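The residues making up each chain are set out below.
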Amino acid sequence: MTTAKKELAVAALENGTVIDRIPSEQLFKVVSMLSLDTIPNSITIGNNLSSKKIGAKGIIKIANHFFKDEEINKIALIAPDATINVIHNYEVVEKYHITLHDTLRGIIRCNNPKCISNNEPMETVFHVTRREPLEVTCRYCHRSMKAHEIEIL
Amino acid sequence: MKKESLVSINDLSKEEIIELLEKAKSFEQNPNRRVLEGKVIATLFFEPSTRTRLSFETAVNRLGGRIIGFSDAATSSSSKGESLKDTIMMVNNYVDLIIMRHYLEGAAQYASEVSSVPVINAGDGANQHPTQTMLDLYSIYKTQGTLENLNITMVGDLKYGRTVHSLLQAMSHFNPTFHFVAPDELKMPQEYKLFCEQNNIPYYEHRDFSEEVINQADILYMTRVQRERFTDLMEYERVKNVYILHNSMLDGSKPNLRVLHPLPRVNEIAYDVDNNPKAYYFQQAKNGLYARQAIICKALGIDIE
Ligand SMILES: [Zn+2]
């Protein structure tokens, strides 16, 4: 039995989604990014668990909930190594790494106060202009921001 | 021809730029044509700019179009808190084309996304001003006979000057050599130097505005050095008179050299330069009329001749 399977067994998730390998310091940001506080389903959150790959990690298990790609991929901004496990009938039926899309809509705030997107009721749009290290550029004012400058909406 | 907005000079390919220059040339030969007969065009100036607005409105009038609009935000509905989107949705019910200037960056891009008619960006904050760049290109093309293989020397505020950034990007199609003359605080930003490197465009940086630099230039593009751009006012005091062009400095310059400036100037070009045949900034502004006529027709999908 793999470690992952043991951990999953603890919560005994029959059907649902497990988000694994979230850096501990980002766990609660991920929770709010995915608006998990508004989901009535049972949710188990573990934090500061040991991980060989990323040090301290967090894990989130959500019963009977499955994410669309565009919903879940945005967490790649703060948890690039996260993995998604889709559980059906106590079995991991799908496991994948999240990837950041080339275009990010309504996820990031532009840090330019004179940008139209901060002064108009509209969706922000950013293009990923570099991946390693991450850099995103505002579609409107063309301001570029690095990972540490990114503010999630 | 299809209708399309012009938000940034980067929206245009090399071929489109050349086509616009040819059209501008044709409008210069005959600026009065009634190709906009029956069209209504809005000039929405959320930020006042008399120079740019008069140039656009003259362009429309000489083509037989009619104009509605406002010349500053205080008289517009946005002063009552109406969103840009709502203003655009109202205006695009009435007109065939929107020409807009806004104090916020990205405003024209957003307007072009929500509008059902094409939008021409007449300046959005510190971001883009593509019709200024087209008139700069037309002025260079007209005075040099080509855009290819020229020595373009940019002087003054190269950090915040959006006109020099747009000109740099537009000229990148034409194998230029750039010289950047600026004080340390107002140097050409790294991203534009990187852009040159990626496109194999040679560039040289200078702190001194010397005759040696002037004498190799085909185009001397002057900009304003403004006090409010400096964090260190001592530095401003040191450099404020260094980047001023005087007539005597042009004595050894190339015969084809022309001095350009986006205007209005403050003191960076001494008045004794005005009568030198190499001074081109007043004609440059006039070229804006023809460049804008060409851009308006392209935006509306109107083919001339
Ligand atoms: Zn922005």
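Coordinates for the structure precede this section.
Residues numbered from 1 in each chain as written. Chains lettered and ligands numbered in written order. Predicted model: local features only at pLDDT ≥ 70, side-chain atom pairs only at ≥ 80, totals over all residues. Heavy atoms only, no water.

Before going further, it helps to examine the nonpolar core. If you look at the biggest cluster of nonpolar residues, it comprises 59 residues, and the most contacted ones within it are Ile99, Met154 and Ile296 of chain B. If you tally residues by element for this core, the top one is helix 10 (residues 281-300) of chain B, at nine residues. Composition of this core by domain shows at least three residues from each of domain 1 (9-130 + 287-300) and domain 2 (131-285) of chain B. If sequence neighbours within four positions are ignored, isoleucine 296 of chain B has contacts with Leu36, Ile41, Phe56, Ala59, Val60, Leu97, Ile99 and Ile120 of chain B. Ranked by size, the runner-up nonpolar core spans 56 residues in total, among them Val30 of chain A together with Ala42, Phe46 and Leu84 of chain B. (Core = buried A, V, L, I, M, F, W, Y, C linked by side-chain atoms within 4.5 Å. Buried < 20%, exposed > 50% of the residue type's maximum accessible area, 1.4 Å probe, protein only. Helix = DSSP H or I, 4+ residues; strand = E, 2+ residues; numbered from the N terminus. Domains from an automatic or database assignment. Contact = heavy atoms within 4.5 Å.)

On to the pattern of salt bridges. All names here are of chain B. One pass over the full model with this rule turns up 22 salt bridges over all chains. Measuring nitrogen to oxygen at the nearest pair gives 3.1 Å for the salt bridge that ties glutamate 235 to arginine 238. Separated by three residues within a single helix, glutamate 235 and arginine 238 lie in helix 9 (residues 233-239), roughly one turn from each other. When its relative accessible area of 12% is taken as the criterion, glutamate 235 is described as buried. By sharing partners, the salt bridges in this structure join Glu4, Glu16 and Lys298 into a single network. (Salt bridge = Lys/Arg side-chain N within 4 Å of Asp/Glu carboxyl O.)

All names here are of chain A. Residues Asp69, Glu70, Glu71 and Glu94 make up a contiguous surface patch of negative charge. Ranked by the residues each element gives to the negative patch, the list is headed by helix 3 (residues 69-72), at three residues. For glutamate 71, the location among the structural elements is in helix 3. When its relative accessible area of 31% is taken as the criterion, glutamate 71 is described as partly exposed. (Patch = residues over 30% accessible without salt bridge, like charges linked within 9 Å, V, L, I, M, F, W, Y side chains within 5 Å. Areas by Shrake-Rupley, 256 points an atom, 1.4 Å probe, with all protein chains shown as cover. Lys, Arg positive; Asp, Glu negative; His and termini not counted. Charge placed at Lys NZ, Arg CZ, Asp CG, Glu CD.)

Further remarks concern the packing of helix 1 (residues 14-29) of chain B against helix 5 (residues 130-144) of chain B. Residues and elements named next belong to chain B. Packing of helix 1 against helix 5 leaves a shortest axis separation of 10 Å and a crossing angle of 75°. Relative to helix 5, the element helix 1 lies roughly perpendicular. Residues Ile17, Leu20, Leu21, Glu22, Ala24, Lys25 and Glu28 of helix 1 touch helix 5, and the partners they reach there are Met134, Leu137, Tyr138, Tyr141 and Lys142. Broken down by class, the residue content of the contact of helix 1 with helix 5 amounts to eight nonpolar, no polar and four charged. (Axes fitted to C-alpha atoms, helices over the stretch in contact; angles between N-to-C directions. Parallel < 35°, antiparallel > 145°, perpendicular 65-115°, else oblique. Nonpolar A, V, L, I, M, F, W, Y, C, P; charged D, E, K, R; others polar.)

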